[in-house]
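Okay, here's what each chain looks like letter by letter:
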Amino acid sequence: MKRRLLALALLLVIPGITLASTVRTDRTLVISEPIADNAYLTGTDVNVSAPIGGDLLAAGGTLTLSAAVSGDATLAGGTIDLKRPVAGDVRAAGGRIIIEDTVGGDLILAGGSVVVTGTASSTRIAGASVRLENGATGPVVIYGGDVYLAGEYLGDVEVVASERLTLGEGTRIHGVLKYNAPQQAGVPASTAVDGGVVYTGASAYLPTVEEAKRFAIAGAGVFFVASVIAAVIAAGLLAGLFPRFTSRVTERVLARSPRRFVLFALLGFAVTVATPALIILLLISFVGTVVAVLLLLAYLSLLLVGYLYAGILAGAALMRGLFKRQGVSWRGAVLGMFVLYLVGIIPVVGKVFVLVLSAAAIGAIVAIAYGFAFSRADEVEL
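One structure accompanies this document, and this report is about it. (Residues numbered from 1 in each chain as written. Predicted model: local features only at pLDDT ≥ 70, side-chain atom pairs only at ≥ 80, totals over all residues. Heavy atoms only, no water.)

**Topic: the packing of aromatic side chains**
Applying the stated criterion to the full structure yields two aromatic pairs. With a centroid separation of 5.8 Å and 80° between ring planes, the pair formed by Phe245 and Tyr309 is classed as edge-to-face. Of this pair, Phe245 sits in helix 4 (residues 243-254) while Tyr309 sits in helix 6 (residues 289-323), and the two are 64 residues apart along the sequence. Judged by relative accessible area, which is 30%, Phe245 ranks as partly exposed. (Phe/Tyr/Trp six-rings, centres within 6.5 Å; stacked < 30°, edge-to-face > 60°. Helix = DSSP H or I, 4+ residues; strand = E, 2+ residues; numbered from the N terminus. Buried < 20%, exposed > 50% of the residue type's maximum accessible area, 1.4 Å probe, protein only.)

What follows is the structure in structure tokens.
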């Protein structure tokens, strides 16, 4: 029961996990049975071949959606292929994104290569190469390098292309086509733009204030997804490459009484607060400058490792509390890091939770390192 306290804390701060949700993680994850509620999926290769009754949140190297989603879909991965309709919004970021079916809500994408053959009520895309081949039922805003448009567009279309804009044969735009590119786009004779064409030209290529805001929002979204993927991969590598050390940290924090957890957290807080003060004192002394720089590098590394191990601890707690699985695996680390990142978004409560768990991880790491440095048979007992 004591080892499940952390899992219980996670469940309290993420109501969606306890109230109608399914969490699954694996290296190769195949969803072959329908899920009636929300689904949270992670893995190297994720394939959804059964309907999702609620929202879908998925991250992985390759994501393939071969079944319908009744809610919203939030996706992050190297390659994303959405083959079936999504009733709600779709927000995705990845290296290569393919949207092959209808999106009932907004379609917001950021990727290297983006190909859309489906339609959406509203489309916003940022990518190096962007192709919309079947038009759209609502307004379209695209920021890209090489942009290609084809099909029928019921609303206005706005494009900012750093290389070129190409219109396919038979393209029909019922609204206004407004685009900004180094050179004018060739308009085939079979193409019709009912609302007229507005070309701002290379001389006005610098973005407006409104466009700059959109770029900033898109950039923040890409940074968020990239940072999530990097943290998840780093946590998985730590657990996979250093299983014994990871197991020792996890057991020290989770397998003992709540009092032990609190003491580890207090030790972590003490180290976190005291080390900067020591660095400042060393910097005052000319002799201690080199030592201060080395200590600063070690301190920053400890903070990063502590945060990653906080995700690993969260994963281990979830695996024990939800799936009754003991031990530490890279799958649990990936799940925990992903969940911890989401928890950190929650104002105040989420930040405090991440801080406490990171402090406990740092405390355990420092205790183990102290025991190793002084050749003790076991780590420091708190």
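**Side note on the sheet that holds strand 11 (residues 152-153)**
By definition, the strands of a sheet pair up through backbone hydrogen bonds, in either a parallel or an antiparallel sense. Taken in spatial order, the four strands of this open sheet run 9-11-13-15, and their pairing is parallel. Of all the strands in the sheet, the pair left with one neighbour each is strand 9 (135-136) and strand 15 (192-193). Where strand 13 (residues 172-173) lies against strand 15, two bridges are found, and the strand directions are parallel. Bridge pairing in strand 15 places Ile173 opposite Val193. (Pairing = 2+ DSSP bridges.)

**Topic: the nonpolar core**
If you look at the biggest cluster of nonpolar residues, it comprises 48 residues, and the most contacted ones within it are Val253, Tyr309, Ile312, Met337, Leu340 and Leu357. Secondary-structure elements contributing two or more residues to this core are strand 4 (56-65), helix 3 (209-241), helix 4, helix 5 (258-284), helix 6, helix 7 (330-345) and helix 8 (349-373). Element by element, the count of residues in this core is highest for helix 6, at 11 residues. Dropping the residues within four chain positions of it, Ile312 is found in contact with Ala235, Leu238, Ala239, Thr246, Thr250, Val328 and Ala333. Counting residues in each nonpolar core, the second largest holds 47 residues, with Val86, Val140, Val157 and Leu165 among its members. (Core = buried A, V, L, I, M, F, W, Y, C linked by side-chain atoms within 4.5 Å. Contact = heavy atoms within 4.5 Å.)

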